[in-house]
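# A structural walkthrough
For reference, the chains in residue letters:
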Amino acid sequence: MSETTEKKVMLSGIQPSGALHLGNYLGAIKNWGARSEEFECFYFLADLHTLTVRQVPAELRRHTLELLASYIACGLDPEKNTLFIQSHVPQHAELGWVLDCYTMFGELSRMTQFKDKSAKHADNINAGLFTYPCLMAADILLYQPDYVPVGEDQKQHVELTRNVAQRFNNLYGETFKVPEPYIPKTGARVMSLNDPASKMSKSIPEGCVFLLDKPEEIQRKFKRAVTDSDTERCVRYDPAAKPGVSNLMSIYAACTGRSYAEIEAEFDGQGYGAFKPAVGDAVIETLRPIREETQRLLADKAYLEGVYRAGAERAGAVANKTLRKVYKKVGLLPR
Ligand code: ATP
Ligand code: LTN
């Protein structure tokens, strides 16, 4: 595939560590789907990465299939995108080890995610949590991508990947393409409906809208969404003074394609009471086809198996080429 096209390459992944939410959709996957004509795309499920935090085995298996079904339901056509599971392509773990040896202790100690997760899981600060970014660098560099589309929070890991790639290239000559992070302009940070100061995240389930939530559940969450305590009570975009309403407006804008000015005009003279259920309805309509399609796909395990097997086959061929090159450069004797 990659040899025969001139297309630029894009790659990204999500950990199957829980159900997908509206932030993952608007901040990440929605933007990936639109790219498959323009780029050669690899999207994978970072199941090895989830092991850095304790998982319930049966749930990890369920979340992995659910995430694959959601990728497809969100518009990633497996014919046009290579969709695969990280652990099915052993070159990720293999290159991960090599890159462990080219990444410095100090660099890894500075990673914000490591600091956050060590604070959150103080009883399990394992070596994998520390070297997580080396495996992520391997995920990326194996496919020689031009762009890595991620939300704002992953930018630091992509920067580290660039540094490691440059270090390796300086030592051994051109081996890896040095990729760019690709951060969306809108939806890069969807905030919690409960607390507009923190990002929407599965660890705050009340303020989090999951892609598989039923319509009644979604509407309930929007009706309860925290709005602002200003006296104005009107729908106006002002993230500093009105973070709650502004977050709802950006969700409404992302779901309906309307601009902030159009939304302000639409709700002119009406309070939050009319606005919140309207946002709920827009989200329900955006997510309805995704939920229905995810459920339809989950009932067809044979199809999903076919998708991830074919994906691992295609990804493996590309990954293997890079890994052989790396092994040769560092002096490992070929078998
Ligand atoms: P958690 O909910 O535990 O914080 P997560 O939802 O961030 O985890 P990840 O696998 O880390 O899950 O994220 C997957 C992708 O979704 C990443 O590209 C990330 O940047 C993006 N993303 C996550 N949360 C949001 C959000 N609230 N708004 C926009 N993008 C997000
Ligand atoms: N760390 C990312 C998931 C991830 C990833 C990657 C993203 C693992 N490997 C490679 C892009 C490219 C996260 O937690 N969202």
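The sections below set out a description of the structure shown in this document. Source: prediction; values computed, not measured.

### Quick look at the packing of helix α4 (residues 91–100) against helix α7 (residues 127–141)
Across the interface, α4 lies against α7 with an axial gap of 8 Å and an inter-helix angle of 125°. By the criterion of interaxial angle, the relationship of α4 to α7 is oblique. The interaxial crossing formed by α4 with α7 has right-handed handedness. Residues His92, Ala93, Leu95, Gly96, Leu99 and Asp100 of α4 form the contact with α7, whose own contacting residues are Thr131, Cys134, Leu135, Ala137, Ala138, Asp139 and Leu141. Residue composition of the contact of α4 with α7, by class: 8 nonpolar, 3 polar and 2 charged.

### Structural notes on helix α13 (residues 301–330)
Along its 30 residues, α13 runs 41 Å from first to last C-alpha, staying within 8% of the 44 Å computed at 1.5 Å per residue. The sharpest bend along α13 reaches about 25° and sits at Gly316. At the exit of α13 stands Gly331, carrying a positive phi of roughly 100°.

### Focus: the side chain of Gln91
Positionally, Gln91 belongs in helix α4. Taking the relative accessible area as the measure of exposure, Gln91 reaches 10% and is therefore buried. With sequence-adjacent residues up to four places away left out, Gln91 is seen in contact with Leu142, Gly316, Ala319, Asn320 and Leu323.

The rules behind these values
- Residues numbered from 1 in each chain as written.
- Chains lettered and ligands numbered in written order.
- Predicted model: local features only at pLDDT ≥ 70, side-chain atom pairs only at ≥ 80, totals over all residues.
- Heavy atoms only, no water.
- Axes fitted to C-alpha atoms, helices over the stretch in contact; angles between N-to-C directions.
- Helix = DSSP H or I, 4+ residues; strand = E, 2+ residues; numbered from the N terminus.
- Parallel < 35°, antiparallel > 145°, perpendicular 65-115°, else oblique.
- Left-handed = near helix turned anticlockwise from the far one by under 90°.
- Contact = heavy atoms within 4.5 Å.
- Nonpolar A, V, L, I, M, F, W, Y, C, P; charged D, E, K, R; others polar.
- Expected span 1.5 Å × (residues − 1).
- Bend = angle between axes of the 7 residues up to and from the residue.
- Buried < 20%, exposed > 50% of the residue type's maximum accessible area, 1.4 Å probe, protein only.

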